[in-house]
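Below, each chain spelled out in residue letters.
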Amino acid sequence: ELKVEQNPLFLSMQEGKNYTIYCNYSTTSDRLYWYRQDPGKSLESLFVLLSNGAVKQEGRLMASLDTKARLSTLHITAAVHDLSATYFCAVDIYYNQAGTALIFGKGTTLSVSS
Amino acid sequence: GAGVSQTPSNKVTEKGKYVELRCDPISGHTALYWYRQSLGQGPEFLIYFQGTGAADDSGLPNDRFFAVRPEGSVSTLKIQRTERGDSAVYLCASSLSGGGTRETQYFGPGTRLLVL
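In this text, all values refer to a predicted model and were calculated from it rather than measured experimentally.

A. Spotlight on the interface of chain B and chain A. Across the contact, 22 residues belong to chain B and 25 residues belong to chain A. For the pair chain B and chain A, the summed buried area comes to about 2000 Å², and 50% of that belongs to carbon and sulfur atoms. For the interface between chain B and chain A, the tally reads zero salt bridges. Summed over the shared surface of chain B and chain A, the result is five residue pairs in polar contact (both at pLDDT 80 or more). Listing elements by their share of the side of chain B that touches chain A, those giving two or more residues are β4 (31-37), β5 (44-50) and β6 (53-56) of chain B. If you tally residues by element for the side of chain B that touches chain A, the top one is β4(B), at three residues.

As structure tokens, this is what we get:
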């Protein structure tokens, strides 16, 4: 059974400091997604990592993928309040060979304080 | 439309009742997905449509759950004889073509279902 584990599940951040959250998955996959969810809102696609060694950056967020270690990291540089949200990583697998499904982690809830 | 829309945004029902949840995908997207998100958890896959047909419904928890997409656009998730454990946020997503191409899925705002 494919498992996707994120840690930490909760992270209280101070403005201006750097942090990293981790996403481990239990089976071979060459594609990993990061989504952001604000309370009561939709999931917003942040990054799609397509291959081993892929690195993508958007503003203060940088995501990377190591398929050999089955690990993705989301690095936050100089945290600001606007980054407070829940972040999900997800892996897609061929499901019953007929379609696709995203398997999500439980999410990491980030809270930024001054 | 500009994004995936879902109606209603909130639904309160009584145990044993029947509910329908609607999803309107991004225009032109042929692949449509339903997920369920319980409090404090990540979304859990339910069913995937490619066009009008359910390409994979193996995530549906039991036969009380059923979904249709008769014209290949709007989809309806139907839950019969609702139980309190069905309470969750039901999310819909769409992607351009699906069919194993593993594209980015774009999510709607969800329908928050509460079964009393």
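B. Up close: the pairing of strand β7 (residues 61-66) of chain A. All names here are of chain A. What you see with β7 is a clean split: Leu61, Ala63 and Leu65 sit on the buried side and Met62, Ser64 and Asp66 on the side with no burial. Hairpin connection, strand β6 (residues 55-58) to β7: the antiparallel pair is bridged by two residues, and Gly59 has positive phi, about 60 degrees. Pairing between β7 and strand β8 (residues 71-76): six bridges, direction antiparallel. The residue of β8 that forms the bridge with Leu65 is Ser72.

C. Geometry of the state of the cysteines. Residue and element names in this part refer to chain B. Applying the stated criterion to the full structure yields two disulfides over all chains. Across the disulfide, Cys23 is cross-linked to Cys92 (sulfur-sulfur distance 1.8 Å). Judged by the sign of its S-S torsion, about -65 degrees, the cystine formed by Cys23 and Cys92 is left-handed. Here the residue Cys23 occupies a position in strand β3 (residues 19-24), and Cys92 occupies one in strand β9 (residues 88-95), the gap between them amounting to 69 residues. Take Cys23: its relative accessible area is 0%, and that puts it in the buried class.

D. View of the sheet that holds β3(B). Residues and elements named next belong to chain B. Strand order across the open sheet formed by four strands is β1-β3-β8-β7, with antiparallel pairing between neighbours. Strands at the two margins of the open sheet, each flanked by one partner only, are β1 (5-7) and β7 (65-68). For this sheet the average axis-to-axis angle between neighbouring strands, irrespective of direction, equals 15 degrees. Pairing geometry for β3 and strand β8 (residues 75-79), over five bridges, is antiparallel. Among the inter-strand pairings, Glu20 is bridged to a residue of β8, identified as Lys78.

Definitions and limits used
Residues numbered from 1 in each chain as written. Chains lettered and ligands numbered in written order. Predicted model: local features only at pLDDT ≥ 70, side-chain atom pairs only at ≥ 80, totals over all residues. Heavy atoms only, no water. Contact = heavy atoms within 4.5 Å. Buried area = accessible area lost by both parts, 1.4 Å probe. Salt bridge = Lys/Arg side-chain N within 4 Å of Asp/Glu carboxyl O. Polar contact = N/O pair within 3.5 Å; in protein donor to acceptor, adjacent residues only side chain to side chain. Helix = DSSP H or I, 4+ residues; strand = E, 2+ residues; numbered from the N terminus. Buried < 20%, exposed > 50% of the residue type's maximum accessible area, 1.4 Å probe, protein only. Pairing = 2+ DSSP bridges. Disulfide = S-S within 2.5 Å. Axes fitted to C-alpha atoms, helices over the stretch in contact; angles between N-to-C directions.

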